[in-house]
Amino acid sequence: MVDLSITGGTLVIPGVGVQRAGLAVDRGRVMAIGAEGTLPAARRTVEASGLHVFPGFIDPHVHLGQVLGFEKELRTESRSALAGGITTLGIHVRKLQGSYLPEMEATIKAVEAQASTDVFYHLQLFTPEQVAEVPQYARAFGVTSFKAYMCGMAGFTTSVDDGLLLEAFQAVRTLGDEAILAVHCENEPLVNDALARLRQTKPEGGTLADWAESHPAIAEEEAIIRAAFLAAQAGARLYVVHLNTRLGVERLRRIRREQPGIYVETTSPYLSVTRHDPIGLLGKMVLPLRDTEDVEALWAGVRDDVIDTFGTDNTGRPRAGKQPEKGMWEARTGYPVLGTHVPVLLHEGYHRRGIPLVKLAEKGALNPARIFGLYPRKGTIAVGGDADLVLVDLEREEVVDPSVLHSFTDWSLWEGKRLKGWPVMTVRGGVVAAEGHRLLVEPGGVTYLRRAPSRSPQ
Ligand SMILES: [Zn+2]
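Conventions adopted
- Residues numbered from 1 in each chain as written.
- Predicted model: local features only at pLDDT ≥ 70, side-chain atom pairs only at ≥ 80, totals over all residues.
- Heavy atoms only, no water.
- Core = buried A, V, L, I, M, F, W, Y, C linked by side-chain atoms within 4.5 Å.
- Buried < 20%, exposed > 50% of the residue type's maximum accessible area, 1.4 Å probe, protein only.
- Helix = DSSP H or I, 4+ residues; strand = E, 2+ residues; numbered from the N terminus.
- Contact = heavy atoms within 4.5 Å.
- Pairing = 2+ DSSP bridges.
- Axes fitted to C-alpha atoms, helices over the stretch in contact; angles between N-to-C directions.
- Parallel < 35°, antiparallel > 145°, perpendicular 65-115°, else oblique.
- Left-handed = near helix turned anticlockwise from the far one by under 90°.
- Nonpolar A, V, L, I, M, F, W, Y, C, P; charged D, E, K, R; others polar.
- Salt bridge = Lys/Arg side-chain N within 4 Å of Asp/Glu carboxyl O.
- Phe/Tyr/Trp six-rings, centres within 6.5 Å; stacked < 30°, edge-to-face > 60°.
- Lys NZ or Arg CZ within 6 Å of the ring centre and 35° of its normal.
- Expected span 1.5 Å × (residues − 1).

Membership of the largest hydrophobic core comes to 107 residues, with the highest contact counts inside it found for Tyr121, Phe146, Phe169 and Leu181. With seven residues, the single largest contributor to this core is helix α8 (residues 217-234). Sequence-distant contacts of Leu181, defined by excluding residues within four places in its chain, comprise Leu125, Phe146, Lys147, Ala148, Leu165, Ala168, Phe169, Val172, Arg237, Leu238 and Tyr239. Of all hydrophobic cores here, the second largest spans 19 residues; its members include Leu11, Ala21, Ile381 and Ala387.

Turning next to unusual backbone geometry. Note on backbone geometry: most residues besides glycine have negative phi, and most peptide bonds are trans. Note the cis peptide between Val286 and Leu287, where omega equals -5°. Looking at the secondary structure, you find Leu287 in the loop between β14 (262-267) and α10 (292-303). Residue Tyr375 is joined to Pro376 through a cis peptide bond whose omega torsion reads 5°. If you trace the backbone, Pro376 turns up in the loop between α13 (357-371) and β17 (389-399). Positive phi outside glycine occurs at Arg27, with the angle close to 45°. Tracing the backbone shows Arg27 in the loop between β4 (22-26) and β5 (29-34). A relative accessible area of 72% places Arg27 in the exposed class. Although it is not a glycine, Asp305 sits at a positive phi angle of roughly 65°. Summarising the element assignment, Asp305 is placed in the loop between α10 and β15 (309-311).

This paragraph deals with the sheet that holds strand β1 (residues 2-7). Each strand in a sheet pairs with its neighbour through backbone hydrogen bonds, running either in the same direction (parallel) or in the opposite one (antiparallel). Strand order in this open sheet of four strands is β5-β4-β1-β6, and the pairing throughout is mixed. Only two strands of the sheet have a single partner each, and these edge strands are β5 and β6 (42-47). Averaged over neighbouring strand pairs, the angle between their axes works out to 20° when direction is ignored. Where β1 lies against β6, five bridges are found, and the strand directions are parallel.

Now for the packing of helix α2 (residues 101-114) against helix α4 (residues 134-141). Helix-helix packing is described using two parameters, namely the angle between the two axes and the distance between the axes. Remark: α2 packs on α4, axes separated minimally by 11 Å, with the N-to-C direction vectors making an angle of 30°. With respect to each other, α2 and α4 are oriented roughly parallel. Considering only the axes of α2 and α4, their crossing is right-handed. Of α4, the residues touching α2 (which contributes Leu101, Met104, Glu105 and Ile108) are Gln136, Tyr137 and Phe141. Among the residues making up the contact of α2 with α4, the classes are represented as five nonpolar, one polar and one charged.

Time to look at the pattern of salt bridges. A side chain with one charge can pair with a side chain of the opposite charge if their charged atoms come near. Inspection of the entire model under this criterion finds 30 salt bridges. Put simply, Asp162 and Arg226 hold a salt bridge, and the shortest N to O gap is 2.6 Å. Separated by 64 residues along the polypeptide, Asp162 in helix α5 (residues 162-173) and Arg226 in helix α8 bring together distant segments of the chain. Residue Arg246 pairs with Glu293 through a salt bridge whose shortest N-O separation is 3.2 Å. Taken together, the residues Arg246 in helix α9 (residues 246-258) and Glu293 in helix α10 connect sequence positions 47 residues apart.

Right, let's get into the packing of aromatic side chains. According to the stated counting rule, one finds nine aromatic pairs in the structure shown. Measuring from centroid to centroid gives 5.9 Å for Phe126 and Tyr149, while their planes differ by 10°, and the two rings are stacked. Of this pair, Phe126 sits in the loop between β10 (118-124) and α3 (128-132) while Tyr149 sits in strand β11 (residues 145-149), and the two are 23 residues apart along the sequence. Each residue in the set Tyr100, Tyr137 and Phe146 is aromatic and connected to the rest through ring pairs, giving one cluster. Positioned over the ring face of Trp329 is Arg199, at 3.9 Å from the centre of the ring. Geometry around Tyr375 places Arg370 over its ring, the cationic atom sitting 4.7 Å from the centre.

What follows covers α10. Compared with an ideal rise of 1.5 Å per residue, which puts 12 residues at 16 Å, α10 spans 17 Å between its outermost C-alpha atoms and is within 8% of the ideal. Residues Asp294, Val295, Ala297, Leu298, Trp299, Gly301 and Val302 constitute the buried set of α10. The inward-facing, buried residues of α10 abut α9, β14, β15, α12 (341-353) and α13. Just downstream of α10 lies Asp305, where phi reads positive at about 65°.

So, in structure tokens, the structure goes:
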């Protein structure tokens, strides 16, 4: 007798295909996949006729704690993720000065007590001390992915210069082939120039459309070239976060033909919302929302695999905290997008553009797991893997209502818009954890995912 079986559904197995089959789950893991008559008896059976069963989505790019602090936002936003079909979060952890070592144990304990999804960390590197401690972070806390900013953001982050960026790639390289440096690729002087020019032409502020001028596409493209060059010098792997321009897609298409070890992420907002959206300054973000041609270039990059992963860059902020009424300069950046990630990919990708479901599963689950050292435990549906699954009703249409999405925030980029294709059940670690918009588990009881460097750090 096993814990759970899921019958009658269609499995979407990345790298394999779409197939009618049942699943048996026991002690948190998938223990059998096959024709329904062949599965062992289960204590609970979920009837999934008409539904598609995906691996739990992995959002590799999340920011928490800008407003309420890390623990509180971890608690609410991971619930929003779970109800929305995301079972693992890659959290970008930020400390502008000083070592990460003193707080790591406590934040990991907080994850295990407060989160509703499994979690892994990317530590952001800002100082030579932090770069020097990369081997310790790997050894003591199983962190094998790190992040650096080539361009700072006033009030949020500082940047690293090219010298420290190269050192960061070299430090990551010492951990072996599975370690990786995520990079915010933008040329800082070009961004600063663009911001100064926009201050002159729009001193009183502008619109969401104007805000896109503040971070020109060539700043992303140039920094991608430089980051790829420095990664190659170090022999390290590079992960380009939140790609959002046509120029960036086209440049990476050329670079990736010649240089292995480069991986590329875009986000569900960049795949679906433009700077002309009626959401206005509520949609202010760095990088900014752009044009239809950029959105379509990103989808082209999804089709031909220039883009590997879908993240969110979720940065929750309530409507009042966004201050859109104070104008373009005073409005704050960030948006809460965990609860809509999967429906947006299904609506915009599958329904509107015919992107195959397996491709969505590949970039939404398999590739993040592979790139960040979580595969084969995570990222697919396979015997022995964690039973993280999301049952999707492709035909279900819902008008986005932020009040049912479990975030501490109170708005959505898609509020009032109808999306087609919604998760109707999330299974996390073999347990039915969410049904519809209802959560069936308490916070905690999740795993902080330690990853093993392939080369033992000195
Ligand atoms: Zn980010």
